[in-house]
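Report on the structure
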Amino acid sequence: HAVNWSPQWNNLSLTEGWRLLANMALVGGMDQRGPIVDGPREAIVAEAQEAIAQTGTRHFMLGAGCTLPNDVSWDHIRAAIAATALIPTN
């Protein structure tokens, strides 16, 4: 019912993946080696907001393109979650 999608590393964009998968939910948007790992908070929020801007809020779950390192800061994960609260839902 959902497909994990990594728009990084020369893959199709989130928008293209979302259209390709039509009625399936898309999970992804965050680069598993990017700001979610190293910060800063502003870059995490920007990446999350860009992912949501490309897909909207229907049939999309913000997540990493692949697994995150086990030592990623919980503050970074919280920043990504908080960024989703800034997006109005329709």
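A few points on the structure. (Residues numbered from 1 in each chain as written. Predicted model: local features only at pLDDT ≥ 70, side-chain atom pairs only at ≥ 80, totals over all residues. Heavy atoms only, no water.)

1. Description of the pattern of salt bridges
The test is simple: Only one rule defines a salt bridge in this text: a Lys or Arg side-chain nitrogen within 4 Å of an Asp or Glu carboxyl oxygen. Per the convention used, a helix needs a DSSP run of H or I reaching at least four residues, while a strand needs a run of E reaching at least two, with both numbered from the N terminus.
Under the counting rule described, the total for this entry stands at one salt bridge. Note that Asp 75 and Arg 78 form a salt bridge whose closest N and O atoms lie 3.1 Å from each other. Of the two residues, Asp 75 and Arg 78 are both situated in helix α4 (residues 74-85); the distance of three residues between them amounts to about one turn of the helix.

2. A short note on the packing of helix α3 (residues 41-55) against α4
Our working rule: To define axes, lines are fitted to C-alpha atoms, for helices over the stretch in contact only, and angles between the resulting N-to-C directions are given on a 0 to 180 degree scale. For classification purposes, angles smaller than 35 degrees are called roughly parallel, those larger than 145 roughly antiparallel, those between 65 and 115 roughly perpendicular, and all remaining angles oblique. Should the near helix be turned anticlockwise from the far one by less than a right angle, the crossing is left-handed, and should it be turned clockwise, the crossing is right-handed. In what follows, residue pairs with any heavy atoms lying within 4.5 Å of each other are defined as contacts. Polarity classes work like this: nonpolar for Ala, Val, Leu, Ile, Met, Phe, Trp, Tyr, Cys and Pro, charged for Asp, Glu, Lys and Arg, and polar for all others, with Gly in that last group.
For the pair α3 and α4, interaxial distance at closest approach is 8 Å and the crossing angle is 40°. In this view, α3 runs oblique relative to α4, as classed from their interaxial angle. Classified by chirality, the crossing of α4 by α3 is right-handed. In this structure, α3 uses Arg 41, Ile 44, Val 45, Ala 48, Gln 49 and Ile 52 to contact α4, whose residues at the interface are His 76, Ala 79, Ala 80, Ala 82, Ala 83 and Thr 84. Across the contact of α3 with α4, the residue classes tally to eight nonpolar, three polar and one charged.

3. Some thoughts on helix α1 (residues 14-21)
To keep things clear, this is the line we draw: Think of it in three bands: residues with accessible area under 20% of the maximum for their type are buried, residues over 50% are exposed, and the middle band is partly exposed, with areas taken using a 1.4 Å probe on protein chains only. This arc corresponds to the set of directions leading from the helix axis out to the C-beta atoms.
Those residues of α1 not exposed but buried are Leu 14, Thr 15, Gly 17 and Leu 21. Along the long axis of α1, the arc covered by the buried residues comes to 165°, so they all point the same way. In α1, those exposed residues whose orientation departs by more than 90 degrees from the buried face are Arg 19 and Leu 20. A positive backbone phi angle near 45° is found at Ala 22, which sits one or two residues after α1.

4. Focus on the side chain of Ser 6
As for its placement among the helices and strands, Ser 6 is situated in the loop between β1 (2-5) and α1. Not counting residues within four places of it along the chain, the set of residues in contact with Ser 6 comprises Asn 11, Leu 12, Gln 32 and Gly 65.

5. Examining the packing of α1 against α3
Interaxial distance between α1 and α3 falls to 8 Å at its minimum, and their mutual angle equals 40°. Between α1 and α3, the interaxial angle falls into the category oblique. As for the relative orientation of α1 and α3, their crossing is right-handed in sense. Counted together, Leu 14, Thr 15 and Trp 18 of α1 and Ala 51, Gln 54 and Thr 55 of α3 form the full contact between these two elements. Class assignment for the residues of the contact of α1 with α3 results in three nonpolar, three polar and no charged.

6. Details of unusual backbone geometry
Note the cis peptide between Gly 39 and Pro 40, where omega equals -5°. In this structure, Pro 40 sits in the loop between α2 (35-38) and α3. At Trp 9, a residue that is not glycine, the phi angle is positive and equals roughly 60°. Secondary-structure assignment places Trp 9 in the loop between β1 and α1. Trp 9 gets classed as exposed once you look at its relative accessible area, which sits at 53%. Of note in this structure, Asn 10 is not a glycine but carries a positive phi near 65°. Of note, Asn 10 is situated in the loop between β1 and α1.

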